[in-house]
Amino acid sequence: MKHSFIPWLLLGWIGFLLMPWYLLEDGFWSFVWLTDGYPTDLYYAPAILQGMLGDKLWLLPLALPLIAPLRLISLQKNDPRYSRYLILSGALGLIYMMSQGFAIGISGWQFAGLDTLFGELEQQQYGFGYGAMLCGLSFLMLLTTGLAATGFLKGDVFVTGSIGLIVALVGLFVFFPVSQVLLSAFMNNDGVFAPTAFFGKLFSDNIWSLSCLSDGYTCGTAWNSLTLAVLTATITTLLGLSFALVVTRTGFRWKKSLRLLTVLPIITPPFVIGLALILLFGRSGVVTEIFADVFNIEPSRWIYGMPGVLFAQVLSFTPISFLVLIGVVEGVSPSMEEASQTLRANRWHTFVNVSLPLMRPGLANAFLLAFIESLADFGNPMVLGGDFDVLSTEIFFAIVGAQNDQGYAAVLAIILLFFTLSAFFLQRHWIGKKSYTTVTGKADSGTYMGLNHGMKLACYMTALPWAALTIVIYGMIMFGGFVQNWGYDNSFTFQHYQDAFSIGWGEFGVIWEGAAWDSLWTTLSISAIAAPFTAIVGLLTAYLLVRQQFKWKSAFEFGTMLSFAIPGTVIGISYILAFNVPPLELTGTGVILIICFVFRNMPVGVRGGIAAMSQLDKSLDEASLTLGANSLMTFRRIILPLLRPAIIAALVYSFVRAITSVSAVIFLVSADHNMATSYIIGLVENGEYGIAIAYCSVLILVMLTTIIGINVFVGERRLRRNVSVSASTTSSSNSGPSLKEKHA
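Analysis parameters
Residues numbered from 1 in each chain as written. Predicted model: local features only at pLDDT ≥ 70, side-chain atom pairs only at ≥ 80, totals over all residues. Heavy atoms only, no water. Axes fitted to C-alpha atoms, helices over the stretch in contact; angles between N-to-C directions. Helix = DSSP H or I, 4+ residues; strand = E, 2+ residues; numbered from the N terminus. Parallel < 35°, antiparallel > 145°, perpendicular 65-115°, else oblique. Left-handed = near helix turned anticlockwise from the far one by under 90°. Contact = heavy atoms within 4.5 Å. Nonpolar A, V, L, I, M, F, W, Y, C, P; charged D, E, K, R; others polar. Phe/Tyr/Trp six-rings, centres within 6.5 Å; stacked < 30°, edge-to-face > 60°. Buried < 20%, exposed > 50% of the residue type's maximum accessible area, 1.4 Å probe, protein only. Lys NZ or Arg CZ within 6 Å of the ring centre and 35° of its normal. Expected span 1.5 Å × (residues − 1). Core = buried A, V, L, I, M, F, W, Y, C linked by side-chain atoms within 4.5 Å. Salt bridge = Lys/Arg side-chain N within 4 Å of Asp/Glu carboxyl O. Pairing = 2+ DSSP bridges. pLDDT = per-residue confidence, 0-100. 1 Å grid on protein atoms, 1.4 Å probe; cavity = no way out; pocket = protein on both sides within 12 Å on 5 of 7 lines; lining within 4 Å. Points joined across faces, edges and corners; volume = space filled by probe spheres on them.

**Q** How would you explain the packing of helix 24 (residues 517-547) against helix 25 (residues 553-565) if you had to name every residue and give the values?
**A** Packing of helix 24 against helix 25 brings their axes to within 11 Å, and their N-to-C directions diverge by 155°. Judged by the inter-axis angle, helix 24 sits roughly antiparallel to helix 25. Handedness of the crossing formed by helix 24 with helix 25: left-handed. Taken together, the residues of helix 25 that come into contact with helix 24 (itself represented by Thr541, Leu544 and Leu545) are Lys553, Phe556, Glu557 and Thr560. The residue inventory of the contact of helix 24 with helix 25, partitioned by class, reads three nonpolar, two polar and two charged.

**Q** Lay out the side chain of Ser661 with the relevant residues and their values.
**A** Within the secondary structure layout, Ser661 lies in the loop between helix 30 (644-660) and helix 31 (665-668). Residue contacts for Ser661: discarding those within four places in its chain leaves Phe597 and Thr677.

**Q** How would you summarise the packing of aromatic side chains if you had to cite specific residues and measurements?
**A** By the definition in use, this model includes 39 aromatic pairs. Note on Phe243 and Trp466: the rings are 5.0 Å apart at their centroids and 80° apart in plane angle, and the pair reads as edge-to-face. Linking Phe243 in helix 11 (residues 221-249) with Trp466 in helix 22 (residues 453-480), this pair joins segments that are 223 residues apart in sequence. The class for Phe243 is buried, based on a relative accessible area of 1%. On the basis of relative accessible area, Trp466 is assigned to the buried category, the value being 6%. Counting every residue linked through ring pairs, the aromatic cluster contains Phe102, Phe173, Phe176, Tyr575, Phe579 and Phe599. The ring centre of Tyr304 lies 4.6 Å from the NZ or CZ of Arg301, which sits over that ring.

**Q** Please set out helix 11 residue by residue, giving values where relevant.
**A** The first and last C-alpha atoms of helix 11 sit 41 Å apart over 29 residues, in line with the 42 Å expected at 1.5 Å per residue. With respect to burial, helix 11 is a largely interior element, 21 of its 29 residues being buried.

**Q** Just give me the short version of the nonpolar core, but keep the residues and values in it.
**A** Counting 209 residues, the largest nonpolar core has Trp21, Leu277, Ile473, Tyr575, Phe579 and Tyr695 as the members making the most contacts within it. Examining the composition of this core, we find that 15 residues originate from one element, helix 24, more than from any other. Once residues lying within four places of it in the same chain are set aside, the contact partners of Leu277 are Gly282, Ile303, Gly308, Phe311, Ala312, Leu315, Leu384 and Ile473. Of all hydrophobic cores here, the second largest spans six residues; its members include Met19, Trp33, Tyr130 and Leu134.

**Q** Which residues make up the pattern of salt bridges, and what values go with them?
**A** Applying the stated rule across the entire model yields two salt bridges. Asp79 is the partner of Arg81 in a salt bridge, and the nearest nitrogen-oxygen pair spans 3.1 Å. Under the relative-accessibility criterion, Arg81 is labelled partly exposed at 33%. Two residues, Glu373 and Arg657, come together in a salt bridge whose shortest N-O distance is 3.6 Å. One end of the pair, Glu373, is in helix 18 (residues 360-376); the other, Arg657, is in helix 30, and 284 residues separate them in sequence.

**Q** I'd love a proper account of helix 26 (residues 568-578), names of residues and values included.
**A** Burial within helix 26 is extensive, with 11 of its 11 residues counted as buried. Turning to helix 26, its buried residues are Gly568, Thr569, Val570, Ile571, Gly572, Ile573, Ser574, Tyr575, Ile576, Leu577 and Ala578.

**Q** I'd like a description of the pairing of strand 5 (residues 503-506), backed by residues and values.
**A** Bridging between strand 5 and strand 6 (residues 509-512) involves four bridges; their strand directions are antiparallel. Following the sheet pairing, Ile503 is matched in strand 6 by Trp512. Where strand 5 folds back on strand 6, the antiparallel hairpin that results is connected by two residues.

**Q** Explain the confidence of the model for the protein to me, and be specific about the residues and the numbers.
**A** In this model, the protein carries a mean pLDDT of 82, and residues with pLDDT of at least 70 account for 90%. Low confidence marks residues 435-444, where pLDDT is under 50. Its contacts with residues over four positions away, or in another chain, come to 15 contacts.

**Q** Before we move on, can you summarise empty space enclosed by the protein with the specific residues and values?
**A** The rolling of a water-molecule-sized probe over the atoms marks out the regions of remaining empty space. Under the criterion given, the structure shown has two cavities of 30 Å³ or more. Space inside the largest cavity adds up to approximately 40 Å³. If you go around the largest cavity, the residues you meet are Ser225, Leu228, Gln313, Ser374, Leu375, Asp377, Pro381, Val390, Leu391 and Ser392. Contributions of two or more residues to the lining of the largest cavity are made by helix 11, helix 18 and helix 20 (391-400).

**Q** Hey, could you go over the packing of helix 11 against helix 18 for me, with residue numbers and the actual values?
**A** At a minimum axis separation of 8 Å, helix 11 and helix 18 run at an interaxial angle of 140°. Here helix 11 is positioned oblique relative to helix 18, judged by the angle of their axes. Seen along the crossing, helix 11 lies across helix 18 with a hand that is right-handed. Contacts from Ser225, Leu226, Leu228, Ala229, Val230, Thr232, Ala233, Thr234, Thr236, Thr237 and Leu241 in helix 11 reach Leu363, Ala366, Phe367, Ala370, Phe371, Ser374 and Leu375 in helix 18. Partitioned by chemical class, the residues of the contact of helix 11 with helix 18 number 12 nonpolar, six polar and no charged.

**Q** Explain unusual backbone geometry to me, and be specific about the residues and the numbers.
**A** Between Pro582 and the following residue, Pro583, the backbone shows a cis peptide bond with an omega angle of 10°. A positive phi angle, near 60°, is found at Lys154, a position not held by glycine. One can find Lys154 in the loop between helix 6 (130-149) and helix 7 (157-184). The backbone of Asn296 sits at a positive phi, close to 55°, despite the residue not being glycine.

Structure representation (structure tokens):
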């Protein structure tokens, strides 16, 4: 096509002339408007009719940046006016559309002083809908196409457009919500800017009290969260290292079984561990009753509070530490350990002075992941916290509790964000700029150094009891759904599964009678929609980071990874504050859940894509471009087929995390879009443990089935053809072997 901007310009005209400009009450995926008064009903009308018939005259100027590019059809791309018109049209269109959207809301002018400047406004407008979305995308692509026409990024329209799209999405759904949290912290309950209110809440005794040091009561929520996070991160890192050493440095027979145990907590809703611990160690738990009968120990509530939350978090997050450390431990070069022993160092000194320092990046990453996960954990403190308050649960109750204080919730979110970002930068400082490379292109022979007797015994004594306890806990999870009332009536029953997932037959076919079906279908549909979008955005970002060179690339990478360092609780409250009013009025819809999952889980797709793409030689891209393919075709036909492992990882991780997410989702669910995790928390709060455990068991089976299905559907990448060699022996002396190639 002569002018690559024409499809985007056409898209903008469709949004302006044909599509409903405002958000529909029936939902983003509803198309009732096509047969319900469209286009004359102003509720469904496009922008041009809203401006001409509905007195929303401020929408009509949006036509100007759509008219201006029509002048370019008769111009050549090397004409200086070509890029100038496109950049001005796109930039002015975006600026004006967002400005009028934020300036005018459901109550008229949104900012003090505008009514004095322009007069009182009787009209109102709602959140952006289909038309605004298409126009915004059109303006953005016109802007990036104009930048490409100036020679930016070698004039590559696809690369320039992709960078612009990722920057816009991350800015809109990561930076903008977080900025709203920062701004809301300085507002009082009436929405008025009040810095003194911020400092009063920031230094509240509820947050920073140290009364626990003197009277034995719990400390402020900040110290509780920080102490819990440090303890959890330390213990899980040590346990993860023990597991990694058992798998790589010992002759343990059931190594594959240990690896399998590490997968289970990842596909388990985070508060299920807490439920299982209640069944085991609660006042009516199995272990509690055994100790009461055998040792005459009176049952207590020790599981509720910091010990129980710490116990549950260690069980939940140790597998993550193991998965991080196993690759690092295996990456330590055996030849370096052998060189140390050759110099007469024993196994202990070799491990402490050679192996352990080379594991520093893995140890730091494992500690950081567990630290952030502990701070963001909502499910386990909600189930087992008791009087032990942490930041994640306090933020929730500040929003939905009787106090309904968004400013206080924002202050707590800022403290939580400060802790996580501080840990992130401290980790980078601790690792430093030293080189930890031990795997090079040269062959590295040798076997891994075994552990001395004391270390081996210590690893076995820490890892194996944890593994046994994990097996018992998951046994309790599966068993707890089949008993009438755990701890009181252990008779076998299917009643819990019938209450949650019963199916009936009616006049019109199948009737989903169970109480849990609605939340299950909602969870599966939203997770299934979010997973491919997460993979697309993540892999496209990885392609730009690995294959392209551009200014501010480091800032671009930091922006795409920021959502990983932000706890889910902060993401949840930031989305409530940012998307509860026009122009981005998304709360209560399924779209906000999808967006949350995409940008919460995107960093995993980015890192997986970077790791996989770094193994692909750039000559593949160059060969494709030399043969006449553009960047888009090269990415689609060459790069993507070779990224199937990264695609599988991104799809599986995003799907599983969407199903098991609690901390962010708990703020964003609604009556029409109730996710499984929030539904299960409601069951737990009502004491319906049997149904809750039955629901969790079904979710685990669903996730296992989906993981297998994704692997089968995406398939494996084929890097080479399988070659079978057959030698044909003939009587002729000069006859050689024949090669038969078979395609994989």
